[in-house]
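Notes for the structure review
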Amino acid sequence: MTTSFGAAINIAAVDDPNPKLQIQRFNGLKSTSNSILLSRCIHRSFSHSNSTSIVRAVSTPAKPAAVEPKRSKVEIFKEQSNFIRYPLNEEILNDAPNINEAATQLIKFHGSYMQYNRDERGTRSYSFMLRTKNPGGEVPNKLYLVMDDLADQFGIGTLRLTTRQTFQLHGVLKKDLKTVMSTIIHNMGSTLGACGDLNRNVLAPAALFTKKDYVFAKQTADNIAALLTPQSGFYYDVWVDGEKFMTVEPPEVVKARNDNSHGTNFPDSPEPIYGTQFLPRKFKIAVTVPSDNSVDIFTNDIGVVVVSDEDGEPQGFNIYVGGGMGRTHRMETTFPRLAEPLGYVPKADILYAVKAIVVTQRENGRRDDRRYSRLKYLLSSWGIEKFRSVTEQYYGKKFEPCRELPQWEFKSYLGWHEQGDGSLFCGLHVDNGRVKGEMKKALREVIEKYNLNVRLTPNQNIILSNIRQSWKRSITTVLAQGGLLQPRFVDPLNLTAMACPAFPLCPLAITEAERGIPDILKRVRAMFDKVGLRFYESVVIRVTGCPNGCARPYMAELGLVGDGPNSYQIWLGGTPNQTVLARTFKDKVKVQDLEKVLEPLFFYWKRKRHSKESFGEFSNRLGFEKLGDLVEKWDGIPESSSRYNLKLFADKETYQAMDALARIQNKNAHQLAIDVIRNYVASQQNGKSID
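Residues numbered from 1 in each chain as written. Predicted model: local features only at pLDDT ≥ 70, side-chain atom pairs only at ≥ 80, totals over all residues. Heavy atoms only, no water.

**A closer look at the overall build of the protein**
Note the cut-off: In this text, helices come from DSSP runs of H or I with a minimum length of four residues, and strands from runs of E with a minimum of two, each type numbered from the N-terminal end. For this analysis, residues touch if any pair of their heavy atoms sits within 4.5 Å. Values of accessible area rely on a 1.4 Å probe in the Shrake-Rupley scheme; residue burial ignores everything except the protein chains shown.
Tallying secondary structure elements over the protein gives 21 helices and 23 strands in all. Summarising the internal contacts of the protein: among those between residues at least 6 apart in sequence, 68% fall at separations of at least 24. Accessible area for the protein stands at about 29800 Å²; split by element, carbon and sulfur atoms hold 52% of it.

And the structure:
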């Protein structure tokens, strides 16, 4: 089968009563074998009635058929790969520690990136990062234990929880790739499609509630993930020598995938939805329930929200399209974007609607420049009305107006919660998602001893599920000994902070993120103390080492985006519920100069905010010009404002002892001392201790 790119067809019906009504159609990746392209266009475009004949599918203006559209190098690699096999299948067998350029692009579809240690100078020590695929963050007990073992045996001894509810395993050598991949596959896991130009991991709330809408959201995420899973078998051919791993798919998934009544599929192709070229770029989907924005719903290419009736019975879905975080510094034509409403569909139609959106992007997304290949750029170019019109032709129906929803809230699900079936689940905060050391041992002990299943959250945390009430005390003790504390013992700044891995392994990193954020958070807490903000007060802080936005910094109240060595671009104005896009406040702020910018902002937030006004809301209300003036004129905290900032330590020995204790809770000595004093004061009533 050959594939045509951007072939323009202008078909005029001989008996058309109005031949001027002709619209060119961009046919993207349609098969041209056996004249399928021409016959499908004619079949779909012209009725046998007396109505005016129009080519219905609308797209960007097509180039003349004789002109070959420009394509990126990755598009050529995909076309020549025999459905993502060659040359990867040969490259992984040779003795070199790395793989060639084409294989480097193709291995992403298999769930892996090639990396090297950027801390080393004069040499490159190559390794591979593997990312799993876990719809809704679900990790069976057996798979968790296997991933824990693989991290020690073949990785760098740590597991990383990602912002898309998956594991990342770093430091795997090429010679061990096949062993690691096959082990994951044989233990109920997969890395297929965790990276690459196809649908990535589908998000859903990690909470284990038995409520109908939460159960239905997870089921929908599973079904969408199955619908958009590659079908050509390349993954199993490369890693387990073609061994088949059959999973029972719901009949509605199989039916929706095979349905071609509206011209969505490649007939007789091993990849009926993706074809030889797959999608122009990565594609992200999230499913949630009303008010629960634990999944950052508006940052996804497709956001799906369950809509229920008054009895709590799911009836359908609101669909939002066009979100995405990635951008490029100093290129204003690249930008983060929030998803916008597309429409409502009945629950039986969700797979067909999602498929129609994916196909619209497949057919019309740019393939010449990967910086502009995400769905958000197609939406920005076309506008929502045109996008809806084209998508409806693949869907076969009109979208209904979106249903009214309640206000969104960010929900972390940390701490202990009732599932609704008599069992408990426990959400655990993991700084930057890095599971290592004593924490890793404690998690292993608890998960193995009690045969617990796991859910990973979109905020790099972990949830242990199906816990009996009688196990709660002993589990809490073991976890605390491993540093996994209940949320009330963790600095609120840490609870909502996120960072990408950045240095030393990410090839795109410009500066530090994961390794730098602990110190940044401590400095922010010190600034809070200095300006008089309370310990329980917080802002949502996200740090990335480059502008690609893996930790979603453009939704943060305070986003730090690497833009040079030890330098960050500062973004302000996101909100705690992740519904407002932040904006650039300052460029090229050196990490050592953060206090010069942030201290005056926190000071005036403390003194000028409205009741319950978040830092992000305050920033947007005052405006960036005013905030800039405050920073520019800042000359330190006025003396009258610092009268309550007491000096707590009279001698070095006391300070050092308190500092050692504070580090256990990821605080500084001043913070811990303030906590001790506050707790003591709170325990007193009329001078008498409360028992």
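**Looking at the pairing of strand β13 (residues 424-428)**
Worth spelling out the cut-off: Burial classes follow relative accessibility: with a 1.4 Å probe on protein chains only, a residue under 20% of its type's maximum area counts as buried, one over 50% as exposed, and anything between as partly exposed. Any two strands are treated as partners once DSSP identifies two or more bridges connecting them.
β13 sits mainly inside the fold: 5 of its 5 residues count as buried. Here β13 shows two buried faces, one formed by L424, C426 and L428 and the other by F425 and G427. Bridge count for strand β12 (residues 415-418) against β13 is 4 bridges, and the pairing is antiparallel. Each bridged residue has a counterpart across the sheet, and for G415 the counterpart in β13 is G427. As consecutive antiparallel partners, β12 and β13 are separated by 5 residues, and within that stretch G420 has a phi angle of approximately 110°, a positive value.

**Considerations on the side chain of R200**
Worth spelling out the cut-off: Positive charges are assigned to Lys and Arg, negative charges to Asp and Glu, while His and the chain termini are left out of the count. Salt bridges are defined as contacts in which a side-chain nitrogen from Lys or Arg sits within 4 Å of a carboxyl oxygen from Asp or Glu. In protein, a polar contact requires one atom able to donate a hydrogen and another able to accept it; more generally it is a pair of N or O atoms within 3.5 Å, and residues adjacent in sequence count only if both atoms are side-chain atoms.
With respect to the secondary-structure elements, R200 resides in the loop between α6 (177-186) and α7 (212-227). Despite its burial, R200 pairs with no opposite charge, the nearest such side chain being D197 at 5.6 Å. Within the structure, R200 has its side chain in polar contact with the backbone oxygen of G196 (distance 3.0 Å). Contact partners of R200, with chain neighbours within four places excluded, come to Y113, R131, K133, R164, G193, A194, C195, K282, F283 and K284.

**Quick word on the sheet that holds strand β21 (residues 583-590)**
Put simply, the rule reads: Structural elements are reduced to axes, namely lines fitted to C-alpha atoms, with helices fitted over the stretch in contact, and the angle between N-to-C directions of any two is expressed from 0 to 180 degrees.
Taken in spatial order, the 5 strands of this open sheet run β17-β18-β19-β20-β21, and their pairing is mixed. Strand pairing shows two members of the sheet lacking a second neighbour, β17 (498-499) and β21, which therefore form its edges. Sheet topology note: the strand β18 (residues 541-544)/strand β19 (residues 558-564) ladder contains 4 bridges and is parallel. Its bridge partner being in β19, V543 is matched across the sheet by L560. Across the sheet, helix α16 (residues 517-531) lies against β17, β18, β19 and β20 (567-572), angled at about 145° from β18, the strand it touches most. Running over the sheet, helix α17 (residues 594-608) touches β19, β20 and β21 and is turned about 140° from β21.

**Points about the nonpolar core**
Rules: We call a set of buried residues a nonpolar core when its members are Ala, Val, Leu, Ile, Met, Phe, Trp, Tyr or Cys and they connect through side-chain atoms within 4.5 Å of each other.
Judged by nonpolar contacts, the single largest core of 113 residues is most densely connected at Y144, W239, I319, L443 and L464. When near neighbours in sequence (up to four residues on either side) are disregarded, Y144 contacts V139, F167, V435, L443, I447, V454 and I462. Listed in part, the 42 residues of the second largest apolar core include F528, V543, I570 and L594.

**Focus on the sheet that holds strand β16 (residues 462-467)**
The strand order across the open sheet built from 5 strands is β5-β15-β16-β13-β12, with neighbouring strands paired in antiparallel fashion. Single-partner strands in this sheet number two, and they are β5 (138-139) and β12. In this fold helix α14 (residues 472-481) packs onto β12, β13 and β16, with an angle of close to 155° to the strand it touches most, β12.

**Some words on the packing of aromatic side chains**
Basically, it comes down to this: Put simply, two rings from Phe, Tyr or Trp (the six-membered ring, in Trp's case) pair if the centres are within 6.5 Å, and we call them stacked under 30 degrees between planes, edge-to-face over 60, tilted for the rest.
Here the structure, examined in full by the defined rule, presents 27 aromatic pairs. Relative to F317, the ring of F216 lies with its centre 5.5 Å away and its plane at 20°, an arrangement referred to as stacked. Here the residue F216 occupies a position in helix α7, and F317 occupies one in strand β10 (residues 314-321), the gap between them amounting to 101 residues. A residue is classified by how much of its surface remains accessible, and F317, at 0% relative accessible area, is buried. Aromatic ring contacts, followed pair by pair, group F109, F234, Y274 and F278 into a single cluster.

**So, helix α10 (residues 350-364)**
Inclusion rule: Multiplying one less than the number of residues by 1.5 Å gives the expected span of a helix.
Between its first and last C-alpha atoms α10 spans 21 Å; for 15 residues at 1.5 Å apiece the expected length is 21 Å, and the two agree. Counted residue by residue, α10 has 14 buried out of 15 residues, so it is predominantly covered.

**As for the environment of L508**
Its location among the elements puts L508 in the loop between β17 and α16. Residues L508 and N548, spaced 40 residues apart in sequence, show a C-alpha to C-alpha distance of 8.5 Å. Aside from chain neighbours lying at most four places away, what touches L508 is R118, C546 and N548.

**A look at the packing of α17 against helix α18 (residues 615-622)**
This is how it is decided: Under this scheme an angle from 65 to 115 degrees is roughly perpendicular, one under 35 degrees roughly parallel, and one over 145 degrees roughly antiparallel; angles in between are oblique. Note that Gly is not counted as nonpolar here; it falls among the polar residues with everything else outside the nonpolar set of Ala, Val, Leu, Ile, Met, Phe, Trp, Tyr, Cys and Pro and the charged set of Asp, Glu, Lys and Arg.
Direction vectors running N to C along α17 and α18 enclose 90°, while the axes themselves pass 10 Å from each other. One way to sum up the angle between α17 and α18 is to call them roughly perpendicular. Residues L601, F602, Y604, W605 and K608 of α17 form the contact with α18, whose participating residues are F615, F618 and R621. Split into classes, the residues belonging to the contact of α17 with α18 amount to 6 nonpolar, no polar and 2 charged.

**What to know about the packing of α18 against helix α19 (residues 624-632)**
Close contact between α18 and α19 brings their axes to 6 Å; oriented N to C, the two are set at 100°. With respect to α19, the axis of α18 lies roughly perpendicular. Across the interface between the two elements, F618, S619, N620 and L622 of α18 pack against F624, K626, L627 and L630 of α19. Across the contact of α18 with α19, the residue classes break down as 5 nonpolar, 2 polar and 1 charged.

Function cannot be read off these values alone, since they describe shape.
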